[in-house]
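Chain residues, written in single-letter form:
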Amino acid sequence: MSHEANATVVNPLPAPLRGSASVPGDKSISHRAVLFAAMAEGTSRIAGVLDSEDVRSSIKAVSQLGAQVSLEKQPDGSLAGGITGWGAAGPSQPDGPIDCGNSGTTVRLLMGVLAPWNVRVELTGDESLQRRPMRRITAPLMKMGARFEPEGRETLPLAVCGSTGLRAITYDAPMASAQLKTAVLLAGVYAHGTTTLNEPSPSRNHTELMLPEFGVTTTAADRTASVTGPAKLEACEVQVPGDPSSAAFLVCAAVLKPGSSIQVENVSLNTARIGFTRTLERMGADISVRHTGAAGKEPYGIVSACYTPALHGCEVPADKIATLVDEVPVLALVAAHARGVTVFREVSELRVKETDRLAAIVEGLETLGVDAWIDGNDLFVEGQPGLQVPAGAAFDSKNDHRLAMTWALAGLCGNASVEVDNFDSVKISYPQFLSDIERLAR
Ligand SMILES: O=C(O)C1=C[C@@H](OP(=O)(O)O)[C@@H](O)[C@H](O)C1
Ligand SMILES: C=C(OP(=O)(O)O)C(=O)O
């Protein structure tokens, strides 16, 4: 790897990927562990926490709001230690705005954390986060009795004006979003009565699984989750398993790089998160999943993957998109190597991630000479078995960590070096991405 201005040159791996690896802690579970511990009474012990920019945004936010955080870097790169929450005293009024950086999860969950308290907290973020829609969160929280300033504004910066008298609601979410579901449930913990969130298809359920660990009962069924308030969170212990969204990059690399055979250990196998394994199986990839344990209510285990020369296209149905939403870019790269067309149905949510990932996928695949197009809200990729990386291929990551890792993988697993602009954005979710993959290919 070498750097020129903002571009990183990524060279083909010198050898197949072989052996075992583990990935850093799950980002979604890490955010929740930090935020829930901050809300709780007493000192929670949390371990295996992902040390990345996004999780740092959550840690900084709860510190500004009065939680006592003493997390320390561990030899394996994770963070572990104690967080003493504000409990019944509530969050303190911070001195200034809370900058959530690039992290959608931090800002959207914080809105639900702050809504039930008499505080006025200004929330902002980087350029990317300031473009992302917040109305999906402010609308239900306003129904519960919170206010946002300036009124009617749909993007950051925004101030949450909370209230201790929130109403419980039943809300039909317009999209499958765990961030929206979590914000409403967290506000619902302090409202009087039962708050229910119905969603069009199942989104990740880490909140429903973790709140009971903090002593708050949740009920959940297919596409619905409820909490009854007022309730209170009590300190507990949380062990964060490895991130399947990070593991997906190693697994896809093994599937694409001739001669590879790897196992990724200690990965969360929450079914709401590992839709990518099912999609790879349907493409004919040689992969398998084995459960080995559970951290709290979160199952984890081993994902094994081998090089698969004869992949074929498949259809990913709309109701499964939430289970692989962050993996669509890397799955589209795998689809680019498969025989036939792969279609991802109803992926409009990708337009409002760190960047418009839908447009970026089409643009990046075009750089590889692969035909991909959008029809309505569906993404189509026409694969090319034996795909060759054109000499001098240069990709713009658009400062989006998932895109940076996806286009780097094209070079790592391909026949020629590629250039990736702003590769550094991998620090958002998987700072060790390149070293982990290079270690497997020695
Ligand atoms: O709740 C979470 O931790 C997340 C939910 C998803 O976003 P949406 O809720 O917008 O679908 C996902 O894309 C994001 O990376 C993390
Ligand atoms: C979309 C993502 O995260 P967030 O919404 O928290 O910024 C992601 O990690 O791909």
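Criteria and cut-off values
Residues numbered from 1 in each chain as written. Chains lettered and ligands numbered in written order. Predicted model: local features only at pLDDT ≥ 70, side-chain atom pairs only at ≥ 80, totals over all residues. Heavy atoms only, no water. UniProt positions renumbered as here; feature names shortened; annotations may be inferred. Pairing = 2+ DSSP bridges. Helix = DSSP H or I, 4+ residues; strand = E, 2+ residues; numbered from the N terminus. Axes fitted to C-alpha atoms, helices over the stretch in contact; angles between N-to-C directions. Contact = heavy atoms within 4.5 Å. Near = heavy atom within 4 Å. Polar contact = N/O pair within 3.5 Å; in protein donor to acceptor, adjacent residues only side chain to side chain. Areas by Shrake-Rupley, 256 points an atom, 1.4 Å probe, with all protein chains shown as cover. Buried < 20%, exposed > 50% of the residue type's maximum accessible area, 1.4 Å probe, protein only. Phe/Tyr/Trp six-rings, centres within 6.5 Å; stacked < 30°, edge-to-face > 60°. Parallel < 35°, antiparallel > 145°, perpendicular 65-115°, else oblique. Left-handed = near helix turned anticlockwise from the far one by under 90°. Nonpolar A, V, L, I, M, F, W, Y, C, P; charged D, E, K, R; others polar. Core = buried A, V, L, I, M, F, W, Y, C linked by side-chain atoms within 4.5 Å.

- Labelled according to an unreviewed UniProt entry, the protein appears under the name 3-phosphoshikimate 1-carboxyvinyltransferase, originating from Eggerthella hominis.
- In its Pathway (unreviewed entry) section, UniProt records this for the protein: "Metabolic intermediate biosynthesis; chorismate biosynthesis; chorismate from D-erythrose 4-phosphate and phosphoenolpyruvate: step 6/7."
- Here is the UniProt Subcellular location (unreviewed entry) comment for the protein, exactly as written: "Cytoplasm".

### Some thoughts on the sheet that holds strand E14 (residues 224–229)
Argument step 1. Taken in spatial order, the four strands line up as E11-E12-E14-E13 in an open sheet, and their pairing is mixed. With one partner strand each, in any of the chains shown, strand E11 (170–172) and strand E13 (218–221) form the two edges of the open sheet. This sheet shows a mean twist of 15° between the axes of neighbouring strands, independent of strand direction.
Argument step 2. Bridge count between strand E12 (residues 193–198) and E14: six bridges; the pairing is antiparallel. Bridge assignment links Thr-194 to a residue of E14, and that residue is Thr-228.
Argument step 3. Strands in contact with helix H6 (residues 178–188) are E11, E12 and E14; relative to E14, the strand with the most contacts, it is inclined by about 20°.

### Structural notes on the site of ligand 1
Argument step 1. Surrounding ligand 1, one finds Ser-28, Arg-32, Thr-105, Arg-108, Ala-176, Ser-177, Ala-178, Gln-179, Arg-204, Val-325, Asp-326 and Lys-353.
Argument step 2. In this structure, an oxygen atom belonging to ligand 1 sits 2.7 Å away from a side-chain N or O atom of Arg-32.
Argument step 3. Between ligand 1 and Gln-179, the relevant distance is 2.9 Å, taken from an oxygen atom to a main-chain nitrogen or oxygen of the residue.
Argument step 4. Here ligand 1, which alone exposes 380 Å², has 93% of that area covered by the protein.

### Some remarks on unusual backbone geometry
Argument step 1. Omega for the peptide link from Glu-149 to Pro-150 comes to -5°, which places this bond in the cis form.
Argument step 2. Relative to the helices and strands, Pro-150 is located in the loop between strand E9 (147–149) and strand E10 (158–161).
Argument step 3. For the bond from Leu-156 to Pro-157, the omega torsion is -5°, close enough to zero to count as cis.
Argument step 4. Tracing the chain through its elements places Pro-157 in the loop between E9 and E10.

### Description of the UniProt feature "binding site: 3-phosphoshikimate" (unreviewed entry) in the protein
Argument step 1. The positions UniProt marks with the feature "binding site: 3-phosphoshikimate" (unreviewed entry) are Lys-27, Ser-28, Arg-32, Ser-177, Gln-179, Asp-326 and Lys-353.
Argument step 2. With respect to the helices, strands and loops of the structure, Ser-177 is situated in the loop between E11 and H6.
Argument step 3. Ser-177 gets classed as buried once you look at its relative accessible area, which sits at 7%.
Argument step 4. Discounting chain neighbours no more than four positions away, the residues touching Ser-177 are Arg-136, Glu-199 and Ser-203.
Argument step 5. Polar side-chain contacts of Ser-177 include one of 3.3 Å to the backbone nitrogen of Gln-179.
Argument step 6. For Gln-179, the position within the fold is in helix H6.
Argument step 7. Setting aside residues no more than four positions away along its own chain, Gln-179 makes contact with Gly-104, Thr-105, Arg-108, Leu-109 and Ile-137.
Argument step 8. A polar side-chain atom of Gln-179 sits 2.5 Å from a polar atom in the side chain of Arg-108.

### Thoughts on the packing of aromatic side chains
Argument step 1. Scanning all chains against the criterion turns up seven aromatic pairs.
Argument step 2. A centroid spacing of 6.0 Å and a plane angle of 75° characterise the contact between Phe-249 and Phe-433, whose relative ring orientation is edge-to-face. Linking Phe-249 in helix H8 (residues 244–256) with Phe-433 in helix H13 (residues 433–440), this pair joins segments that are 184 residues apart in sequence. As far as the burial class goes, Phe-249 and Phe-433 line up, both buried.
Argument step 3. With 6.2 Å between their ring centres and 45° between their planes, Phe-423 and Phe-433 make a pair best called tilted. Of this pair, Phe-423 sits in the loop between strand E24 (418–421) and H13 while Phe-433 sits in helix H13, and the two are 10 residues apart along the sequence. Accessibility assignment for this pair places Phe-423 and Phe-433 in one class, buried.
Argument step 4. Aromatic ring contacts, followed pair by pair, group Phe-249, Phe-423, Tyr-430 and Phe-433 into a single cluster.

### Some remarks on the side chain of Ser-30
Argument step 1. Following the sequence through the fold, Ser-30 ends up in helix H1 (residues 27–39).
Argument step 2. Discounting residues that sit within four places of it in the chain, Ser-30 has contacts with Gly-25, Gly-48, Val-49, Leu-50, Val-55 and Val-240.

### Considerations on the packing of helix H10 (residues 328–335) against helix H11 (residues 357–367)
Argument step 1. H11 packs onto H10 with a crossing angle of 30° between their chain directions and a minimal axis gap of 10 Å. Taken together, the axis directions place H10 and H11 in an arrangement best described as roughly parallel. As for the relative orientation of H10 and H11, their crossing is right-handed in sense. In this structure, H10 contributes Val-328, Pro-329, Ala-332 and Leu-333 to the contact, and H11 contributes Arg-357, Ile-361 and Leu-365.
Argument step 2. For the contact of H10 with H11, the class distribution of residues is six nonpolar, no polar and one charged.

### A few points about helix H5 (residues 135–144)
Argument step 1. Of the residues making up H5, those classed as buried are Arg-136, Ile-137, Thr-138, Pro-140, Leu-141 and Met-144.
Argument step 2. Where H5 is buried, its residues touch helix H3 (104–114), E9, E10, E11, H6 and E12.
Argument step 3. In the segment just after H5, Gly-145 is the residue with positive phi, at about 120°.

### Regarding the nonpolar core
Argument step 1. Core analysis: the biggest nonpolar cluster contains 79 residues, and Leu-409 and Phe-433 have the highest contact counts within it.
Argument step 2. It is H8 that provides the largest number of residues to this core, a total of 10 residues.
Argument step 3. Residues contacting Leu-409, with those up to four places away along its chain left out, are Phe-249, Cys-252, Ala-253, Val-330, Leu-333, Gly-414, Phe-433 and Ile-437.
Argument step 4. Core analysis: the second largest hydrophobic core is formed by 70 residues, Ile-29, Val-55, Ala-61 and Met-210 among them.

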